[in-house]
Amino acid sequence: FMPQRIDGGDLADLRPGDHVKVEGPIKYYSPKDGFNDDKFPNKTHIKEIEGAKISHLGAGDPPTPAAVTPEDLLAAESAEGWEGVLVKVENVSVTKPVGKYGDFRVTGNLAVDDDLYPHNPAVGECLSVTGISVYFYGFRLNPRGAEDIAVGSGCAVAPMLSIKDIQDESSATHPAVDETVKVSGVVTAVDGRADDHPGDKYEGFWIQDGTGAYSGIYVYYTWDASAQNKPVEGDLVEVTATYKEFYDVSELSGVTFSSQGQQSVPAPEVLDPADIATDGSKAEQYEGVLVTVEDVEVGDYVHKSNDPEKDMVGFTLAGSGLMVEAPLYDFVSSPPAKGTHYQSITGVLHYSFSNFKLLPRSAADMVE
C-alpha cells in the first residue's frame, strides 16, 4: 500500500513477472466501522505492507495462477489462504451483471471486481477468469487486464423455462432464487417514462408467453434514450436473466435479451377486480399478466404520502378496492373525478409496496 521506488525508476514501469525487493512495515488495516461481514465475522483487518520501498531486480514471468473454484475463494475454511494470491477459476457462468460497485458475479456468487480492469459481460456468458484474490467487504477476484478474462467452455446452460415454471412455485421445474434462466415471451407493456429515474434511465417491461394464470412476468432492465436494444410492445424476445423475488415481486434481473421479431400481444384476461385486488383469490396467479376489468367506478384517490393534496399516484375501484396506478401512463395530472364510470380498464397486474395494482399503458386502456 502506497509504495515508492527507491532505485530511480517509476512505479508505473513495473510489469507482472518483474522481480522486486520490497521493504516496509506490516500493517493491519481495518475500517472504523469494521467490515460488517456476516459470513466472515472474524475478518477484522487486511494485512498489508505499508509505505513499502521497492527496488527492481530484473524481469521475469509471473507465477502460474493456481487453479481454484469459486468455493475455494469464498469458503471460511479456505478463503483466507488465497488472499493476495494469483488464481484462476475456469468455466464459470456470469450470474449477475456489473452492479453499482463495478463488480459482476459468477457461479457460486463470486464477485469479479473492476479495481484493476473493468469488464462488462452478459448474464449467461461462460468465462475463465484469472486474477488476484483480495478481501474488501467480502472476498473477490481482481483480473489485471483483458488477457485475464477468457471464453470458457462446459458451463451449465441456463434452462429454457416457461413463465409458469417461474411464477408457479408448485411447478416441478420451478427455479431457485438467483438461478440463471432463459424464457421467451411477447412484450406486453413497457415503462417508457424516464422522468422519475436518475440519469434519464427507462426501467422495466413485462412479457407473456401465452394467456391465463402464471403467463406473465416483470423484467427489470434499464436503458437510456441512445440504447440500440430497447423493448417494444409486441416484440417477441428471448431473455436470459437471474430469477429474483424482489420484495415479493417475481422478476427477471441482470437481463440479456434479443428480439426474435414481432408478434401479436396476447388478449387481456377479463377478470373480476375483487379477485385480483390485494388478498384477492387470483391476484398471485395473474401477477405480471395483461388483464381487463369491466364496469368499474373510481373510488378513493391513492397517494404516496399521507397528505391528500400531494403525490397522487392513482385511485382505487369502488367496491373491490383494486388499485389503478400511473407509472406507465400518466392519468393523474388530470385525474378522473371520483365516481367516474369506466366500461373497462386494461393494464398489467403488478405488485409493489405490499399491494397488487393495475397499470394502464395508455389512454386507450381506459374506456369510459
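The structure presented is a predicted model; accordingly, all values stated were derived computationally and were not measured. (Residues numbered from 1 in each chain as written. Predicted model: local features only at pLDDT ≥ 70, side-chain atom pairs only at ≥ 80, totals over all residues. Heavy atoms only, no water.)

Observations regarding the sheet that holds strand 5 (residues 53-58)
So, point 1. Read from one edge of the open sheet, three strands run 1-5-2, paired in mixed fashion. Lying at the two open borders of the sheet, with one neighbouring strand each, are strand 1 (4-5) and strand 2 (19-23).
So, point 2. Relative to strand 5, strand 1 runs parallel, the two being bridged by two bridges. Along strand 5, the bridge assignment pairs Gln4 with Lys53. (Pairing = 2+ DSSP bridges. Helix = DSSP H or I, 4+ residues; strand = E, 2+ residues; numbered from the N terminus.)

Side note on a nonpolar patch on the surface
So, point 1. A cluster of nonpolar residues, Val20, Val22, Ile26, Tyr28 and Ile49, forms a patch on the protein surface that exposes about 430 Å² of accessible area.
So, point 2. Of all the secondary structure elements, the ones that give two or more residues to the nonpolar patch are strand 2 and strand 3 (26-29).
So, point 3. Residue class for Ile26 comes out exposed when judged on its relative accessible area of 52%. (Patch = residues over 30% accessible without salt bridge, like charges linked within 9 Å, V, L, I, M, F, W, Y side chains within 5 Å. Areas by Shrake-Rupley, 256 points an atom, 1.4 Å probe, with all protein chains shown as cover. Salt bridge = Lys/Arg side-chain N within 4 Å of Asp/Glu carboxyl O. Buried < 20%, exposed > 50% of the residue type's maximum accessible area, 1.4 Å probe, protein only.)

Concerning the pairing of strand 11 (residues 139-142)
So, point 1. Where burial is concerned, the two faces of strand 11 agree: the one with Phe139 and Leu141 and the one with Arg140 and Asn142 are both buried.
So, point 2. Inspection of the sheet shows strand 10 (residues 126-135) paired to strand 11 by four bridges, in the antiparallel sense. By the bridge assignment for strand 11, Ile132 is matched with Asn142.
So, point 3. Taking the residues that link successive antiparallel strands as the turn, the strand 10-strand 11 hairpin has three residues, and the phi of Tyr137 there is positive, at about 55°.

Re the state of the cysteines
So, point 1. Scanning the model with the defined rule gives one disulfide in all.
So, point 2. The partner cysteine of Cys126 in its disulfide is Cys155, sulfur to sulfur 1.9 Å. Given an S-S torsion of about 75°, the disulfide between Cys126 and Cys155 has right-handed geometry. Placement of the pair is Cys126 in strand 10 and Cys155 in the loop between strand 12 (149-151) and helix 3 (163-167), with a sequence separation of 29 residues.
So, point 3. With relative accessibility at 17%, the residue Cys126 sits in the buried group. (Disulfide = S-S within 2.5 Å.)

Re the packing of aromatic side chains
So, point 1. Following the criterion strictly, the structure yields 17 aromatic pairs and no others.
So, point 2. A ring pair is formed by Phe246 and Tyr247, whose centres lie 4.9 Å apart and whose planes are at 90°; its orientation type is edge-to-face.
So, point 3. Aromatic rings pair up to connect Phe35, Phe40, Tyr135, Phe136, Tyr137 and Phe139 into one cluster.
So, point 4. Directly above the aromatic system of Tyr135 lies the positively charged group of Lys43, at a separation of 5.1 Å from the ring centroid. (Phe/Tyr/Trp six-rings, centres within 6.5 Å; stacked < 30°, edge-to-face > 60°. Lys NZ or Arg CZ within 6 Å of the ring centre and 35° of its normal.)

Thoughts on the side chain of Glu251
So, point 1. Tracing the sequence through the fold places Glu251 in strand 17 (residues 249-262).
So, point 2. Look at Glu251: it is buried, it has no salt bridge, and the nearest opposite charge is Lys244 at 7.6 Å. (Lys, Arg positive; Asp, Glu negative; His and termini not counted.)

Focus on the pattern of salt bridges
Pairing between side chains becomes possible if they bear opposite charge and their charged atoms approach one another.
So, point 1. Enumeration according to the criterion identifies 13 salt bridges in this entry.
So, point 2. Between Asp7 and Arg5 there is a salt bridge whose closest N-O contact spans 2.7 Å.
So, point 3. Here Arg5 falls in the buried class, since its relative accessible area comes to 18%.
So, point 4. Among the salt bridges present, the one from Asp103 reaches Arg140, with a minimum N-O distance of 3.8 Å. Within this pair, whereas Asp103 is found in the loop between strand 7 (86-96) and strand 8 (104-106), its partner Arg140 is found in strand 11, the two being separated by 37 residues in sequence. With respect to class, Asp103 is no different from Arg140; both count as buried.
So, point 5. Salt bridges linked by common partners bring Asp103, Arg105, Asp113 and Arg140 together as one network.

The quantities given are spatial measurements derived from coordinates; they are silent on function.
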